[in-house]
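Commentary on secondary and tertiary structure
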Amino acid sequence: MNVASEWFARSMSLLRNSQQASPAEEASKAIRPLAQRLKSTLRRGAEANPPHVLRKLLEDLRAAANERVSEVEGARHAKEVMVWYATATAAQRQDLWQLLCELFGPDAQRLDAALAQCEKAESPGEQAQAEIALRRALVSERTRLLQRFSVPEGGMRFLVDLRAELLALPKADKRFVVLDAELESLFATWFDMAFLELRRLSWDSPASLLEKLIQYEAVHDIRSWADLKNRLDCDRRCYGFFHPRLPNEPLIFVEVALLDHMAAGITPLLDEHAAPEDLAKATTAIFYSISNTQTGLRGVSFGNSLIKHVVETLLQEFPKLKHFATLSPIPGLRGWLNKQGDKLLSQWDEKRHQEVAKALKTQAPVKVADLVAAADGALEWKEDAVLRKALSWCAAQYLGRELKEGRPLDPVARFHLGNGARVERLNWGGDPSNKGLKQSFGLMVNYLYDLKRLDKHRAMLAEGKLPLSGEMEALCKMK
């Protein structure tokens, strides 16, 4: 049994052993294995495509993947599949994915032989040859096929959208993980920063592009054209990264405010009526929104080069800039505190529990549910308030101590610390919007990009240490 067959058998076994199958799952049990369907004449039950359609798809896929035909001819067959796909239902599309997963993987015998060669290799020369053989064995027909899909017009868009569909499946659905992994691997190469173009967006940019900025803004919703114009004013900069195979389709936006200080709150930055900053006095670039626009590129890291590109571009225009920092949300804070809070608060001594319990008008030891409930009024807490100090300490623990598989738990922290920043400062009431309160009780955080210490910070992170400023380290240690 080859790798693909073993995988399919395991998938069907899991499906049969489900304790409480949904109607859709019950229907899927009637679907025959792919090999049987391809040899059949008639469709059965819940099967999305009749056998003759499956055979035609397989014929086109094999023609597109054929290494003996030119890329142009292979791309022509890929285009035929794309045309079919455009009108196919979700279930019909999944048949295509199944074909790609099961019938276009690496040659199992060749792979086994390459692995055996690696195990036997002793001398450096033998090890080198074994590695070459293994690399070649791992290049599957699927790899070549997906490369052929990228050739015709609209092909890259097709592949990115296809992966977005895969990512939308329930996490428990593991049927197509190998296709997702292969696409992610290809995208990591195709969308390397070396192939991307950085463009500045201004009020004079094409309306179609500005509409996409409004559509894709993921951090702070753009409420109106006036709001957009404010973000593109003379004291702001907005940059987009573009790929040559996706013309006029931004992959990521970076919005920047030029100030003479490190911003502590988003409200002044989004104030449409505020006077522009004096650029002659600007010393600090604040990255206040970074939005990925393509769901299908999730997990594909644009790397530290993204920030470096923007910094280098800013310095060319404003050589007096000294500081580069973010004003970032903390999207996972409330959810994490609800789940882990009681365990976290167990670190407090009895005196701290008594102080916080008194402020909450409850009994010690403090339950995190009481602290979270009281935090609905957090914006009104004064700087020296016991509850404000308690909640700030919790946030500092989340940002400065919580790791998962050696990486920061918070997704925004994961991005910026992975790019060499450090956690610089918590900002109370930084985002008083409903979204900000729901995510993080209104708290925001500055990540500082110290250009001389980016490599040091990345090295610390690789060792499982989160880079923190002295202020954040002190807050973490405060009990």
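This text gives an overview of the structure that appears in the document. (Residues numbered from 1 in each chain as written. Predicted model: local features only at pLDDT ≥ 70, side-chain atom pairs only at ≥ 80, totals over all residues. Heavy atoms only, no water.)

Things to note about the overall build of the protein chain
What the protein chain contains, in helices and strands, is 22 helices and nine strands. When its C-alpha atoms are laid out on the principal axes, the protein chain stretches across 75 × 55 × 55 Å. Residue pairs at least 24 apart in sequence account for 70% of intrachain contacts in the protein chain once pairs closer than 6 positions are excluded. By element, 51% of the accessible surface of the protein chain is carried by carbon and sulfur atoms, the whole surface being about 24800 Å². Across the protein chain, the mean location of the 67 positive side-chain charges is 2 Å away from that of the 63 negative side-chain charges. (Helix = DSSP H or I, 4+ residues; strand = E, 2+ residues; numbered from the N terminus. Contact = heavy atoms within 4.5 Å. Areas by Shrake-Rupley, 256 points an atom, 1.4 Å probe, with all protein chains shown as cover. Lys, Arg positive; Asp, Glu negative; His and termini not counted. Charge placed at Lys NZ, Arg CZ, Asp CG, Glu CD.)

A look at the packing of aromatic side chains
Taken as a whole, this structure holds eleven aromatic pairs when the rule is applied. Considering the side-chain rings of W203 and W225, the 6.2 Å spacing of their centres and the 75 degrees angle between planes classify their relative orientation as edge-to-face. Separated by 22 residues along the polypeptide, W203 in the loop between strand 1 (197-201) and helix 12 (207-216) and W225 in helix 13 (residues 225-231) bring together distant segments of the chain. On the basis of relative accessibility, which here comes to 42%, the residue W225 falls in the partly exposed class. Through successive ring pairs, a cluster of aromatic residues spans W84, Y85, F149 and F158. (Phe/Tyr/Trp six-rings, centres within 6.5 Å; stacked < 30°, edge-to-face > 60°. Buried < 20%, exposed > 50% of the residue type's maximum accessible area, 1.4 Å probe, protein only.)

What about the nonpolar core?
A general trend in soluble globular proteins is that nonpolar side chains are found buried together. Counting residues in hydrophobic clusters, the biggest one holds 105 residues, and the most contacted among them are F191 and L314. Among the elements that make up this core, the one with the highest residue count is helix 18 (residues 386-400) (nine residues). If near-sequence neighbours (up to four positions away) are discounted, L314 is found in contact with R237, Y239, V256, L258, A285, F287, L321 and F324. The next biggest cluster of nonpolar side chains, apart from the first, holds twelve residues, and it includes L259, L270, Y288 and L327. (Core = buried A, V, L, I, M, F, W, Y, C linked by side-chain atoms within 4.5 Å.)

A short note on helix 11 (residues 177-190)
Between the first and last C-alpha of helix 11 there are 20 Å, a value that for 14 residues agrees with the 20 Å anticipated at 1.5 Å per step. By the burial criterion, the buried members of helix 11 are L179, D180, E182, L183, L186, F187 and W190. Down the axis of helix 11, the smallest arc covering the buried residues is 165 degrees, so these residues share one side. Buried residues belonging to helix 11 abut helix 6 (90-103), helix 9 (141-149) and helix 10 (155-167). (Expected span 1.5 Å × (residues − 1). Arc of directions from axis to C-beta.)

Digging into the packing of helix 4 (residues 51-65) against helix 6
Helix 6 packs onto helix 4 with a crossing angle of 50 degrees between their chain directions and a minimal axis gap of 11 Å. Between helix 4 and helix 6, the angle is such that the two are oblique. In the crossing of helix 4 with helix 6, the sense of the turn from one axis to the other is right-handed. Between helix 4, through L54, L57, L58 and L61, and helix 6, the contact on the second element is made entirely by D95, L96, L99, L100 and L103. (Axes fitted to C-alpha atoms, helices over the stretch in contact; angles between N-to-C directions. Parallel < 35°, antiparallel > 145°, perpendicular 65-115°, else oblique. Left-handed = near helix turned anticlockwise from the far one by under 90°.)

Description of the pairing of strand 3 (residues 252-259)
For strand 3, the buried fraction is high: eight of the eight residues fall into the buried class. As defined by bridge partners, strand 2 (residues 236-242) adjoins strand 3 across six bridges and the pair is classed as antiparallel. Bridge pairing links G240 to F253 in strand 3. Bridge analysis of strand 3 against strand 4 (residues 284-292) gives eight bridges, and the strand direction is antiparallel. Residue pairing in the sheet places F253 in a bridge with S291 of strand 4. (Pairing = 2+ DSSP bridges.)

Some points on the state of the cysteines
Enumeration over the complete set of coordinates arrives at zero disulfides. C234 takes part in no disulfide bond, and the closest cysteine sulfur to it belongs to C238, at a distance of 15 Å. With a relative accessible area of 39%, C234 lands in the partly exposed category. Distance from the sulfur of C394, which forms no disulfide, to the nearest cysteine sulfur (C476) is 11 Å. (Disulfide = S-S within 2.5 Å.)

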